[in-house]
Amino acid sequence: MKIALHWFRCDLRLSDNTALQASQAASDAVIPVFIFDPVILKAPDCGAPIVAFMLKCLESLEKNIEAAGGRLIFRHGEVETEMRELLRVTGAKALYFNRDYEPYARKRDGAVEKLAQSMGVEVHHFKDSVIHEPDEVLKGDGNPYGVFTPYSRVWRSKPQPNVLPVAKFRRPAELKEPESLPLPSLKELGFSTDIALPPAGEKAGRERLKEFAANAVLQYADQRNFPGIEGSSRLSPHLRLGTLSPRTVMAAVERAGEEHPTSKKQTDIYVNELIWREFYRQILWHFPHVAESCFKPQYNDLQWENDERLFAAWCEGRTGFPIVDAGMRQLNTTGWMHNRVRMIVATFLTKDLLISWQWGERYFMQKLIDADLASNNGGWQWSASTGTDAQPYFRIFNPISQAEKFDPEGRYIRHYVPEADTLAYPAPIVDHAQQRIKALALFKQT
Ligand SMILES: Cc1cc2nc3c(=O)[nH]c(=O)nc-3n(C[C@H](O)[C@H](O)[C@H](O)COP(=O)(O)OP(=O)(O)OC[C@H]3O[C@@H](n4cnc5c(N)ncnc54)[C@H](O)[C@@H]3O)c2cc1C
């Protein structure tokens, strides 16, 4: 009997899962496993909201696997040690997983691959969390792109992989299943949060996608920039943890565009956002230094002021700039923030408060349910002008005019900052015009 392990990581679903499908096609039985990795859980940028959301996704995955005839095995500990034990106890002859592009995961997966091979176990890993991998979209001379627009053109010209069916499990009587821990609670993992999580798991992701593809995607380009309107998909936590695959999302959106030809421009712009997600993955893959320092190295020596008092006001949403405070309060209470507002608060932190983008990046990682190293780092460096943005550093948002343009009726601000029009609301903590001049001088010095 050929037994394989499928190692779940950021692919917490049974449908359209590349490695899982391949493992089942090639084996008599597949044992699904999930290992809680202490290196990730103890990292300073690992936040309670995404861990809480992940636990809910795992709870749902465990049930789905049971309904599909299998049993999900949970382990918690040093990954190589746990994997050695799992391979030994099960007698598995093959290990399957989907590739991860983050620097730590690359190192960990490489070590696990070597270990498995030393035990005589075949290792098969697959492209799954992206439509096109970092090395599939390159310039004519084989070098990676550092600018989005030409990257996106080549990305769009590549053939798309197919959507795969739902996996089913077999548990023959002679299968040696390893012991499983019960799914831990958030507290047992050392975290706590009181944010209200959105529906989690594969079914919730599919329902959200169905609703979006039938409605908001048809006005996406017109509405996506207005935080007071539910104009975006809110699929980011599902794409982050893999309760939905990007292929499934892309297929649903393209179908919507075909069924409503007058909305083709709208659905096309949505596809652009999926491409941004992959653009930042390939940046992290080809330029891993971005995780620690500026994409454009000339900005590593910027003399940020890093005033802790101003940083605390920003984190807590009491800067006296209503759109900034609304964004930070949305983040703190829901674990998510609208994209336009992410850009506004990030530009404000760096160019108005003159605080390093790395402080903001870390805070976002700790608070977001879609916290993602590649997209977050890319978004922060773009906003701080240290990254891949083709625009020069003197693009500085004015938080007042941004609010007038994108929240013209004040709907978003009123929701999160109901006291914005009253005396109880603080005066602005900085003068935007003065700070703008200081920011320009700061960048000019480099
Ligand atoms: C400072 C900053 C930090 C960010 N941090 C993260 C993060 O940690 N995790 C994260 O997933 N996104 C991040 N983004 C990108 C973007 O804000 C979110 O993906 C988006 O707001 C999620 O909402 P949505 O699913 O409704 O997006 P939609 O508008 O519906 O977009 C669809 C999908 O495309 C992807 N996407 C959209 N915009 C971007 C973008 N600019 N960069 C990369 N992917 C994109 C997301 O996966 C998203 O779910 C950040 C942006 C900025 C400016």
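In the block above lies the structure referred to throughout.
Residues numbered from 1 in each chain as written. Predicted model: local features only at pLDDT ≥ 70, side-chain atom pairs only at ≥ 80, totals over all residues. Heavy atoms only, no water.

1. A look at the overall build of the protein chain
Check the secondary structure of the protein chain and you find 19 helices and five strands. Across its three principal axes, the protein chain shows a C-alpha extent of roughly 75 × 50 × 50 Å. Relative to its 446 residues, the protein chain shows a buried fraction of 55%. About 19600 Å² of surface is accessible on the protein chain, with carbon and sulfur atoms providing 52% of the total. Computed over 55 positive and 56 negative side-chain charges, the inter-centroid distance for the protein chain is 2 Å. (Helix = DSSP H or I, 4+ residues; strand = E, 2+ residues; numbered from the N terminus. Buried < 20%, exposed > 50% of the residue type's maximum accessible area, 1.4 Å probe, protein only. Areas by Shrake-Rupley, 256 points an atom, 1.4 Å probe, with all protein chains shown as cover. Lys, Arg positive; Asp, Glu negative; His and termini not counted. Charge placed at Lys NZ, Arg CZ, Asp CG, Glu CD.)

2. Comments concerning the site of the ligand
The immediate surroundings of the ligand are formed by 28 residues, with Y220, S232, S233, R234 and N339 found nearest. Here E273 contributes a side-chain N or O atom positioned 3.1 Å from a nitrogen atom of the ligand. Protein burial of the ligand: of its 810 Å² of free accessible surface, 96% is covered by the chains. For the shell around the ligand, the secondary-structure elements that each account for two or more residues are α9 (236–241), α11 (264–286), α14 (339–352) and α16 (373–384). Ranked by residues supplied to the shell around the ligand, first place goes to α11 with six residues. Residues that form the shell around the ligand fall into these classes: 15 nonpolar, seven polar and six charged. Counting only domains with at least three residues in the shell around the ligand, you end up with domain 2 (130–161 + 202–286) and domain 3 (297–444). (Near = heavy atom within 4 Å. Polar contact = N/O pair within 3.5 Å; in protein donor to acceptor, adjacent residues only side chain to side chain. Nonpolar A, V, L, I, M, F, W, Y, C, P; charged D, E, K, R; others polar. Domains from an automatic or database assignment.)

3. What to know about a nonpolar patch on the surface
Where nonpolar side chains cluster on the molecular surface, the patch consists of V39, I40 and Y104 and spans about 240 Å² of accessible area. By the secondary structure assignment, I40 is in helix α2 (residues 38–41). On the basis of relative accessibility, which here comes to 40%, the residue I40 falls in the partly exposed class. (Patch = residues over 30% accessible without salt bridge, like charges linked within 9 Å, V, L, I, M, F, W, Y side chains within 5 Å. Salt bridge = Lys/Arg side-chain N within 4 Å of Asp/Glu carboxyl O.)

4. Focus on the sheet that holds strand β2 (residues 29–36)
Pairing within the open sheet is parallel, and its five strands lie in the order β3-β2-β1-β4-β5. With one partner strand each, in any of the chains shown, β3 (73–76) and β5 (122–126) form the two edges of the open sheet. This sheet shows a mean twist of 25° between the axes of neighbouring strands, independent of strand direction. Against the sheet, helix α1 (residues 18–26) makes contact with β1 (3–8), β2, β4 (94–98) and β5, and its axis sits at roughly 155° relative to β4, the strand it touches most. Running over the sheet, helix α5 (residues 103–118) touches β1, β4 and β5 and is turned about 150° from β5. (Pairing = 2+ DSSP bridges. Axes fitted to C-alpha atoms, helices over the stretch in contact; angles between N-to-C directions. Contact = heavy atoms within 4.5 Å.)

5. Here we look at the environment of V417
Here V417 shows up in the loop between α18 (411–416) and α19 (432–444). For V417, a relative accessible area of 0% translates into the label buried. Measuring from C-alpha to C-alpha, the distance between V417 and I323 comes to 8.6 Å, with 94 residues separating the pair along the chain. Aside from chain neighbours lying at most four places away, what touches V417 is P322, D325, A326, R329 and Y425.

6. What to know about the pattern of salt bridges
Taken as a whole and assessed by the stated rule, the structure comprises 29 salt bridges. Salt-bridge contacts for K203 lead to E207; the nearest nitrogen and oxygen are separated by 3.5 Å. With a gap of four residues between them, K203 and E207 both fall in helix α7 (residues 202–214), about one helical turn apart. A relative accessible area of 47% places E207 in the partly exposed class. The salt bridge partner of R281 is D372, with a shortest N-O separation of 2.8 Å. Of this pair, R281 sits in helix α11 while D372 sits in the loop between α15 (357–367) and α16; the two residues are 91 residues apart in sequence, bridging distant segments of the chain. In this pair, the class of R281 matches that of D372, namely buried. Residues joined by salt bridges that share partners form a network here, namely R9, D37, R108 and D109.

7. Description of the packing of aromatic side chains
With the rule as written, the count across this model stands at 28 aromatic pairs. Look at W276 and Y280: their rings are 5.4 Å apart centre to centre, the planes differ by 40°, and that puts the pair in the tilted class. Taken as a pair, W276 and Y280 lie in helix α11 at a separation of four residues, close to a single helical turn. For the pair F311 and Y363, a centre-to-centre distance of 6.4 Å together with 80° between the ring planes defines the contact as edge-to-face. Separated by 52 residues along the polypeptide, F311 in helix α12 (residues 308–316) and Y363 in helix α15 bring together distant segments of the chain. (Phe/Tyr/Trp six-rings, centres within 6.5 Å; stacked < 30°, edge-to-face > 60°.)

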